[in-house]
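# A structural walkthrough
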Amino acid sequence: MAPSFLSVARFVEALLRRRFSSAGLSLQTLSIDSETTIQFWGPPPSSSSENTQKPSLLLLHGFGPSAVWQWSHQVKPLSHFFRLYVPDLVFFGGSSSSGENRSEMFQALCMGKLMEKLEVERFSVVGTSYGGFVAYNMAKMFPEKVEKVVLASSGVNLRRSDNEAFIARAKCHRIKEVMLPASATDLRRFSGMVSSKRLDYVPDFVLNDFCQKMYSEKREEKAELLEGLSIGKDDKTNVSPIQQDVMLIWGEQDQVFPLKMAHDLKE
C-alpha cells in the first residue's frame, strides 16, 4: 500500500470534497442517539434565508464507498434548486453505530432521526441502489415527512432468484465477493458489474489503493449489512405501494438490478 501522501485515492477524495464545498455544503457530524453517529454534508448552520426557502432533498448513496464518491457530480446542479442533505449511511464513511441492527429498516430509522435532529420537517429523498432500499423504507416509516421519492437502479423488489442470477452473472460464490472488493482483480469485476467504465488499463497499485481507501474500513460491518437485508431471502417480493409520488430511474444495461426489475417494480 502506498504511503498516504502518495495515495491517488486520497487525492481524488480531496477533489471530490471540494465539489461539495463549492456547492455550499459543509461536512458535519451529529449523534442521533446514544449508539449512532452520522456524518453528513449539509447547509452550514448560518445558511442564508434564500437557501432555507428551497425544498429539502436527502441523497442516499449506494453500497460501497461513502457519499462523497457517489454524489460529486450531482450536488452542484441540485444545490441551485434544493437544500441538500447528503449523509454517509451507517458503517460507511464517517458514520457508525455500536448497535447490532444491520437491516435497511435500521438505516431508514437512522436517516429519519438525522432529519428530525436537523429540524427538517418535510423533505424528498433520492436513493440509488442500496440507498434506494433505505429511501423506500423511509417513505413507509415517515409518510408525513417524506414528500416525493426517487429510486435510481434500486431493486427493492429483490427476490432470492434475482440474487442467484446476479451471483451467476458475476461468476462468484457470494454477493459480498463482488460488493466488497479486496484487490485490484475484485475491483475490476465490481466495476464491470456496476458501471459502463472499464478499469482494464488502470495499474494494479492504483486499484489496490482505492480498495484500501474505500472498502477496508468497517468491512466486517458492511458484510453484516449484506446479510442483514430483509429482501432477497425468498421468491416473493416484499413490496407494498407507498403514498408518495415515485420516480424510477434505471440503467438500461444494469447488471446488478436488470431493467426488467424496474418494469416489475412499476407495476
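Cut-offs and rules
Residues numbered from 1 in each chain as written. Predicted model: local features only at pLDDT ≥ 70, side-chain atom pairs only at ≥ 80, totals over all residues. Heavy atoms only, no water. Helix = DSSP H or I, 4+ residues; strand = E, 2+ residues; numbered from the N terminus. Buried < 20%, exposed > 50% of the residue type's maximum accessible area, 1.4 Å probe, protein only. Salt bridge = Lys/Arg side-chain N within 4 Å of Asp/Glu carboxyl O. Axes fitted to C-alpha atoms, helices over the stretch in contact; angles between N-to-C directions. Parallel < 35°, antiparallel > 145°, perpendicular 65-115°, else oblique. Left-handed = near helix turned anticlockwise from the far one by under 90°. Contact = heavy atoms within 4.5 Å. Nonpolar A, V, L, I, M, F, W, Y, C, P; charged D, E, K, R; others polar. Core = buried A, V, L, I, M, F, W, Y, C linked by side-chain atoms within 4.5 Å. UniProt positions renumbered as here; feature names shortened; annotations may be inferred. Pairing = 2+ DSSP bridges. Right-handed = clockwise from strand over helix to strand, strands pointing away. Phe/Tyr/Trp six-rings, centres within 6.5 Å; stacked < 30°, edge-to-face > 60°.

Looking at the element boundaries, Glu164 is found in helix H7 (residues 160-170). Judged by relative accessible area, Glu164 falls into the partly exposed class, the value being 48%. Spatially, the C-alpha atoms of Glu164 and Pro44 are 44 Å apart, while their sequence positions differ by 120 residues.

We now examine the pattern of salt bridges. A complete count under the given rule lists 8 salt bridges for this structure. Note that Lys113 and Asp33 form a salt bridge whose closest N and O atoms lie 2.9 Å from each other. Residue Lys113 is located in helix H5 (residues 104-117), and its partner Asp33 is located in the loop between strand E1 (26-31) and strand E2 (36-42); the two are separated by 80 residues in the primary sequence. Look at Lys113 and you get partly exposed, because its relative accessible area is 28%. According to the relative accessible area criterion, Asp33 is partly exposed, its value standing at 26%. Among the ionic pairs, Glu224 bridges to Arg102, the shortest N-O distance being 2.8 Å. Taken as a pair, Glu224 in helix H11 (residues 219-227) and Arg102 in the loop between strand E5 (96-97) and H5 lie far apart in primary sequence, 122 residues in all.

Orientation of H5 relative to helix H6 (residues 130-141), taken along the N-to-C sense of each, is 65°, at an axis distance of 8 Å. Looking at the two axes, H5 sits roughly perpendicular to H6. The handedness of the crossing between H5 and H6 comes out as right-handed. Touching Glu104, Met105, Gln107, Ala108, Leu109, Met111 and Gly112 of H5 are Tyr130, Phe133, Val134, Asn137, Met138 and Met141, all from H6. For the contact of H5 with H6, the per-class residue count stands at 9 nonpolar, 3 polar and 1 charged.

This part covers the nonpolar core. Judged by nonpolar contacts, the single largest core of 78 residues is most densely connected at Leu58, Leu60, Val75, Val86, Met111, Tyr130 and Met138. In terms of residue count, H6 provides more of this core than any other element does, 7 residues in total.

Turning our eyes to something else, we now look at the UniProt feature "domain: AB hydrolase-1" (unreviewed entry) in the protein. Mapped onto the present numbering, the UniProt feature "domain: AB hydrolase-1" (unreviewed entry) falls at residues 55-266. In residues 55-266, the share of helix is 43% and the share of strand is 14%. The end C-alpha atoms are 26 Å apart.

Running from N to C, helix H1 (residues 8-22) and helix H10 (residues 204-215) cross one another at 60°; their axes reach a closest spacing of 8 Å. For the pair H1 and H10, contact is made by Val8, Ala9, Arg10, Val12 and Glu13 and by Val206, Asp209, Phe210 and Lys213, respectively.

What follows concerns the pairing of strand E6 (residues 123-128). Of all 6 residues in E6, 6 are buried, a share of seventy percent or more. Of the two faces of E6, the one holding Phe123, Val125 and Gly127 and the one holding Ser124, Val126 and Thr128 are both buried throughout. Pairing geometry for strand E3 (residues 56-60) and E6, over 4 bridges, is parallel. Of the residues in E6, the one forming a bridge with Leu59 is Val126. At this point the chain moves from E6, through H6, to the parallel strand E7 (residues 146-152), and the crossover so formed is right-handed.

The subject of this paragraph is the packing of aromatic side chains. Aromatic ring pairs are reported here in terms of the distance separating the ring centres and the angle at which the planes meet. Scanning the entire structure with this criterion turns up 7 aromatic pairs. Between Phe63 and Phe92 the ring centres are 5.2 Å apart and the planes differ by 85°, which places this aromatic pair in the edge-to-face class. Pair noted here: Phe63 is in the loop between E3 and helix H3 (67-70) and Phe92 is in the loop between strand E4 (83-87) and E5, with a separation of 29 residues, a long-range link. Ring centres of Phe92 and Tyr130 lie 6.2 Å apart, and the angle between their planes is 45°; on these two criteria the pair is classed as tilted. Taken as a pair, Phe92 in the loop between E4 and E5 and Tyr130 in helix H6 lie far apart in primary sequence, 38 residues in all.

When you line up the elements, Val246 lands in strand E8 (residues 245-249). A relative accessible area of 40% places Val246 in the partly exposed class. As for Val246 and Ala262, which are separated by 16 residues in sequence, their C-alpha atoms are 12 Å apart. Each residue touching Val246, except ones within four places of it in the same chain, is listed here: Val149 and Leu151.

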